[in-house]
There are 2 protein chains.
Amino acid sequence: MMSLLVLSRLITSVCRVPCHGGLCNFARALSASSVTNKSTVVGAQESIAAIVGSQNVSASEAVREQHSHDESYHIPVSSPDLVVWPRSTEEVSQVVQICRDHHTPIVPFGTGTGLEGGVLGQSGSVCINLTKMDEVLDLHTEDFDVTVQPGVTRLALNHHLKDHGMWFPIDPGADASLGGMAATGASGTNAVQYGTMKENVINLEVVLPDGSILHTAGEGSRPRKNSAGYNLTSLFVGSEGTLGIITKATLRIYGMPEMMMSAVCSFETVNAAVESVTQVLQCGIPIARIEFLDEKAVDATNKYSNLNNKVAPTLFLEFHGSEASIKSQIETVGDIVAMNGGSNFEWADKMEDRNKLWKARHDIWYASLAVRPGCKGLSTDVCVPISQMPRVILETIDDLQRMGFMYTIVGHVGDGNFHCLLMMDREGDEIKKAKEFTHILGRRAISAGGTCTGEHGIGLGKKQLLIEEVGDVGINIMRQIKHTIDPLNIMNPGKVL
Amino acid sequence: MMSLLVLSRLITSVCRVPCHGGLCNFARALSASSVTNKSTVVGAQESIAAIVGSQNVSASEAVREQHSHDESYHIPVSSPDLVVWPRSTEEVSQVVQICRDHHTPIVPFGTGTGLEGGVLGQSGSVCINLTKMDEVLDLHTEDFDVTVQPGVTRLALNHHLKDHGMWFPIDPGADASLGGMAATGASGTNAVQYGTMKENVINLEVVLPDGSILHTAGEGSRPRKNSAGYNLTSLFVGSEGTLGIITKATLRIYGMPEMMMSAVCSFETVNAAVESVTQVLQCGIPIARIEFLDEKAVDATNKYSNLNNKVAPTLFLEFHGSEASIKSQIETVGDIVAMNGGSNFEWADKMEDRNKLWKARHDIWYASLAVRPGCKGLSTDVCVPISQMPRVILETIDDLQRMGFMYTIVGHVGDGNFHCLLMMDREGDEIKKAKEFTHILGRRAISAGGTCTGEHGIGLGKKQLLIEEVGDVGINIMRQIKHTIDPLNIMNPGKVL
């Protein structure tokens, strides 16, 4: 174990994008502040341990390595120097103040299930692991809201809510922490009906880079709507830890639907499956989930989750509501599916069967990795207008085949969001080629009126695509905001911007 | 008509709130920049006329007076010096650049239907009226989105969408411009099912205070979800023209529901009506509209709109969906209403009857003003957690009666948002007393976990309440953002912050 924290290395992320107009000074300032401050911490570990207790600080090699990466293909360049587990907002604030005083970079860490390198470690940094802040604080069932600490995971929250007949539907697959989900702007399979984190976060408590504590909508505030001043809640949702550390989130929750019913149906072609989705949405059917799996994904899922679905382009669907409304939805969807040559329409209304189906869908990441044991996985994340989806998916399949990748494709197609999961060799140039593919696909999505990321965030891997997507003026406004709130560039530096 | 524009008076809005910590410098800078720049424009009118054409510029007394106010109780202190009607984004950008060069304040103006003084004129300012930018630009029915210029009103958009079987449900009552609605973070009667502008704006084109053109989600981008960098769209929605001028909005639209059905039912007490709402929501019924009217509001509406509803606390409800799903919703709601002693459950399923009902609801502002001819109206706008609503409404009625106001109460109670409409004498101290009441009510809402404004915005009247609601740290972050984006403080200065 290190006796003293070595924190002298510098943050070296420098603005490389041409600026223009009056915005230029801010980019220069951001760049300057991030390279000129030299940390001279001696004894930071002791100061931090005095705040959180020595059992909540570690500089061991194994712990640092564990906090150097997420589940993405990004290869950690280095580990944080120190990992800290605060147990309260006040502890987070005090640790942040120490880091600020020493110009020490901070990387907030949840469950480490991110897919874009958002929590990747860097040398000279302090990693703040929020998983010991895992209490459900205030549940207001009659107001449909709950306030949680950031380390509560979505499954833990739903376990807590179950007895009250409530649930939190945002479901990115992994059992991510709610702080991490808010920071990433996560969504997942239920977004088509319930929206993303953006639509379901009512208020956030955030420790800012100077240690002060912000309540984005005011302390204790939890109205269903609000037009009081600038929307700080939405600014912090999706900011990926670069503006502050989320220490509490007030979330919208929902009554458990009277009934839930799932179905699987397969199609002759990718196009027929995706066209069915477009038509279902155009009929205004309030479907809760509508997920696409290409035949490779179905095959991987069958093997990994011991299922027996026909190996063909497939939709997983789910309906929530009253029995009568579900019945009428099912009828219309059945007609649309039949019109597109869909078959094998299999229904699951028992919770056990539904859970098996969605567990299999959620496990697609691990199922795909299992196709090529020992491989490294990369998930793309473009989201395009629904009308563009068939073309974009088909062109993408051409690319994948031409470039010789092993892959599966799954998609939250009700939102126009789909993922190519690439299984890459850990050695050789496959990772490089996959990054190239990510950029080709990202640019295709952007030029189709879409985005390079629907729910995984920018992290480390899509910074160039973000610049192309939002343009010079947009990126400079983002940089100005970053510089204004985090002038020392200590908060998860080098990510997003 | 003025021959030369007199633009030498200064913006005098100075930060008066105590700052703390490291945030203080920004507040100082904001304050400094807004008092030290002296405009020395000579011939700005000619320069602007050269851009937009002389027929699109006016400095006439009548036009300036018309642009000095909105529909609120706020009494204009002065008029803008010049009113300009640009017809394109490029013209807006060029006019803004001239104003920036001369440090001239700009007030964006839509239909002037705001209720918080957000467009109130100030001497030495240029008012940019956006109503000549009124084209529906791109309609993508299969993607459920449309891009409009800011001067398109919600009724004009819905007229355009009708032939395509689509609609835009956000409905604040007034036929407001969509640019104004986005700038205010408007919502209205349909928010309980469809959300507010915040949830329905996909992208904005904004002319920034330096004249550059921002696309908040990237140019031409219109995916259904997005986690690419900071959420600039949500930052500009609800910024009330203080960060830039919205010149295009890409909006989410919806397929017309298969069926819509409205109902009216009355109750013995306010509490019984409001409790019914809470129970309907707790049953997870996807109701589209659920509006409360106190007996005074029902009486005013009966008289103004020639209706015959029982004069008692009343709910107006609306259901959207398939026939089967509506039928099942109606059954459950009927049971709840009966349990709370509701009666006179009258249904309207013909479009004509529905339109009459909702037209009456929308006209409540004018119906209330008509109760006291020649009066000035003030609408409060608090929004509280639903569980707090019965208590907050009852305590508020006590205040209204104790303070001797003439009033009606209506509410988007499905969101916890309600309005007290006060009818005040234009002379005497009633306006002063009403402002005092607004602050009592705002503080009551804030302490109940709510907000001082659910949908009208801060404008001029709630700046002190905003400070109390979001606290020192929140208000300072907002000021920092304002200063960063608008360092000269020329964009609708003195509003919100």
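Residues numbered from 1 in each chain as written. Chains lettered and ligands numbered in written order. Predicted model: local features only at pLDDT ≥ 70, side-chain atom pairs only at ≥ 80, totals over all residues. Heavy atoms only, no water.

Going by the annotation in an unreviewed UniProt entry, the name recorded for chain A is Probable D-lactate dehydrogenase, mitochondrial, with Strongylocentrotus purpuratus given as the source organism. Its UniProt record gives chain A the following Catalytic activity (unreviewed entry) comment, quoted word for word: "(R)-lactate + 2 Fe(III)-[cytochrome c] = 2 Fe(II)-[cytochrome c] + pyruvate + 2 H(+)". (UniProt positions renumbered as here; feature names shortened; annotations may be inferred.)

Caption draft 1: The relation of the copies chain A and chain B, seen in detail. For the pair chain A and chain B, the best superposition has an RMSD of 0.0 Å and corresponds to a rotation of 180° with a translation of 0.0 Å parallel to the axis. Accordingly, the operation relating the two chain copies is best matched by a two-fold axis. If distances are taken from each C-alpha of chain A to the rotation axis, the shortest is found for Ser-325 of chain A, at 2.1 Å. Both copies present the same face, since 100% of the interface residues in chain A are matched by interface residues at the equivalent positions in chain B. (Least-squares fit on C-alpha atoms with pLDDT ≥ 70 in both. Contact = heavy atoms within 4.5 Å.)

Caption draft 2: Representation of the packing of aromatic side chains. Counted by the stated rule, this structure contains ten aromatic pairs over all chains. Judged by centre distance (5.5 Å) and plane angle (85°), the ring pair of Trp-167 of chain A and Tyr-194 of chain A falls under edge-to-face. With Trp-167 of chain A in strand 7 (residues 166-167) and Tyr-194 of chain A in helix 7 (residues 191-194), the pair connects residues that are 27 residues apart, well separated along the chain. Exposure class is identical for Trp-167 of chain A and Tyr-194 of chain A. Each is buried. Here the aromatic rings of Phe-319 of chain B and Trp-347 of chain B are separated by 5.8 Å at their centres, their planes lie at 40°, and the arrangement is tilted. Residue Phe-319 of chain B is found in strand 14 (residues 314-321), and its partner Trp-347 of chain B is found in strand 15 (residues 343-348); the two are separated by 28 residues along the sequence. Residue classification places Phe-319 of chain B among the buried residues on the basis of a relative accessible area of 0%. Cluster of aromatic residues (ring-pair linked, three or more members): Trp-167, Tyr-194 and Tyr-254 of chain A. The ring centre of Tyr-407 of chain B lies 5.0 Å from the NZ or CZ of Lys-296 of chain B, which sits over that ring. The ring of Phe-405 of chain B has Lys-433 of chain B sitting right over it, with the charged end atom 5.2 Å from the ring centre. (Phe/Tyr/Trp six-rings, centres within 6.5 Å; stacked < 30°, edge-to-face > 60°. Helix = DSSP H or I, 4+ residues; strand = E, 2+ residues; numbered from the N terminus. Buried < 20%, exposed > 50% of the residue type's maximum accessible area, 1.4 Å probe, protein only. Lys NZ or Arg CZ within 6 Å of the ring centre and 35° of its normal.)

Caption draft 3: Local environment of the domain arrangement of chain A. All names here are of chain A. Partitioning chain A into structural domains gives domain 1 (21-131), domain 2 (136-255) and domain 3 (259-447). Between the C-alpha centres of domain 2 and domain 3 the distance comes to 27 Å. On the domain 3 side, the residues contacting the eleven residues of domain 2 number 15 residues. A buried area of about 1,000 Å², summed over both sides, lies between domain 2 and domain 3, and 54% of it is on carbon and sulfur atoms. The interface formed by domain 2 and domain 3 contains one salt bridge. (Domains from an automatic or database assignment. Buried area = accessible area lost by both parts, 1.4 Å probe. Salt bridge = Lys/Arg side-chain N within 4 Å of Asp/Glu carboxyl O.)

Caption draft 4: View of the sheet that holds strand 3 (residues 106-109) of chain A. All names here are of chain A. Spatially, 1-2-4-3 is the arrangement adopted by the four strands of the open sheet, whose pairing is mixed. Two strands in the sheet have a free side with no partner beyond their single neighbour: strand 1 (57-58) and strand 3. Where strand 2 (residues 82-84) meets strand 4 (residues 126-129), three bridges bridge the pair, whose relative direction is parallel. Within strand 4, the position partnered with Leu-82 by the bridge is Val-126. Running at roughly 170° to strand 4, helix 4 (residues 89-101) makes contact with strand 2, strand 3 and strand 4 of the sheet. (Pairing = 2+ DSSP bridges. Axes fitted to C-alpha atoms, helices over the stretch in contact; angles between N-to-C directions.)

Caption draft 5: Representation of the side chain of Thr-189 of chain A within the structure. Mapped onto the elements of the fold, Thr-189 of chain A is located in the loop between helix 6 (178-184) and helix 7. Setting aside chain neighbours within four positions, we find Thr-189 of chain A in contact with Asp-171, Ala-288, Arg-289, Glu-291, Trp-358, Arg-361, His-362 and His-412 of chain A.

Caption draft 6: Highlighting the interface of chain A and chain B. Counting residues at the interface gives 83 residues for chain A, matched by 83 residues for chain B. Counting each side, the surface lost to burial between chain A and chain B is near 6,100 Å², with a carbon and sulfur contribution of 62%. Counting the surface chain A buries against chain B, the share from its top three residues, Lys-225, Ser-227 and Tyr-230 of chain A, is 15%. Connecting chain A to chain B are four salt bridges. When the shortest N-O distance is used, the salt bridge between Asp-415 of chain B and Lys-225 of chain A registers 3.3 Å.

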